[in-house]
Amino acid sequence: MTQFAAIDPALAAVLLPVAVAAGLLRAWITHRTAVRMEEEHTRRICVAVEGSTPMHRAAVVKACAELEAASRTLPNQSRVRNP
């Protein structure tokens, strides 16, 4: 018999719900983080577009998108490395 077959059933009954709960908590936190990031992104775009004219709104949104994309890259990805 293997080592894993000797696990106490009571211990397994306690560990399984704890593991499931931890997985669900991690998924919920990941989801809420994504939702919050999207809300912040939308708020920043609304504030930026608020004072612009309809003719310039597309340019403002494009500039915001470029700034946010640049902020997501890691510093070592934006630099050219010398061999």
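Remember, it's a predicted structure, so these values are computed and weren't measured experimentally.

### Quick word on the overall build of the protein chain
At step 1: Each helix and strand counted, the protein chain has three helices and zero strands in total.
At step 2: Of the regular secondary structure in the protein chain, the N- to C-terminal order runs α-α-α.
At step 3: When the 83 residues of the protein chain are sorted by exposure, 6% land in the buried category.
At step 4: Carbon and sulfur atoms form 67% of the exposed surface of the protein chain, whose accessible area is close to 7,500 Å².

### Re the pattern of salt bridges
At step 1: Counted under the stated rule, the structure contains four salt bridges.
At step 2: A salt bridge links Glu-39 to Arg-36; its shortest N-O distance comes to 3.6 Å. Of the two residues, Glu-39 and Arg-36 are both situated in helix 1 (residues 9-50); the distance of three residues between them amounts to about one turn of the helix.
At step 3: The class for Glu-39 is partly exposed, based on a relative accessible area of 40%.

### Examining a nonpolar patch on the surface
At step 1: Side chains of Ile-7, Leu-11 and Leu-15 sit close together on the surface and give an oily, nonpolar patch of about 270 Å² of accessible area.
At step 2: Assignment of secondary structure puts Leu-11 in helix 1.
At step 3: Residue classification places Leu-11 among the partly exposed residues on the basis of a relative accessible area of 44%.

### A word on the packing of helix 1 against helix 2 (residues 57-72)
At step 1: Across the interface, helix 1 lies against helix 2 with an axial gap of 10 Å and an inter-helix angle of 140°. Relative to helix 2, helix 1 is oriented oblique. The chirality of how helix 1 crosses helix 2 is right-handed. Listed contacts from helix 2 to His-41, Arg-44, Ile-45, Ala-48 and Val-49 of helix 1 are Arg-57, Val-60, Val-61, Cys-64 and Glu-68.

Rules used in this analysis
- Residues numbered from 1 in each chain as written.
- Predicted model: local features only at pLDDT ≥ 70, side-chain atom pairs only at ≥ 80, totals over all residues.
- Heavy atoms only, no water.
- Helix = DSSP H or I, 4+ residues; strand = E, 2+ residues; numbered from the N terminus.
- Buried < 20%, exposed > 50% of the residue type's maximum accessible area, 1.4 Å probe, protein only.
- Areas by Shrake-Rupley, 256 points an atom, 1.4 Å probe, with all protein chains shown as cover.
- Salt bridge = Lys/Arg side-chain N within 4 Å of Asp/Glu carboxyl O.
- Patch = residues over 30% accessible without salt bridge, like charges linked within 9 Å, V, L, I, M, F, W, Y side chains within 5 Å.
- Axes fitted to C-alpha atoms, helices over the stretch in contact; angles between N-to-C directions.
- Parallel < 35°, antiparallel > 145°, perpendicular 65-115°, else oblique.
- Left-handed = near helix turned anticlockwise from the far one by under 90°.
- Contact = heavy atoms within 4.5 Å.

Everything listed here is a matter of coordinates, which is why it stays silent on function.
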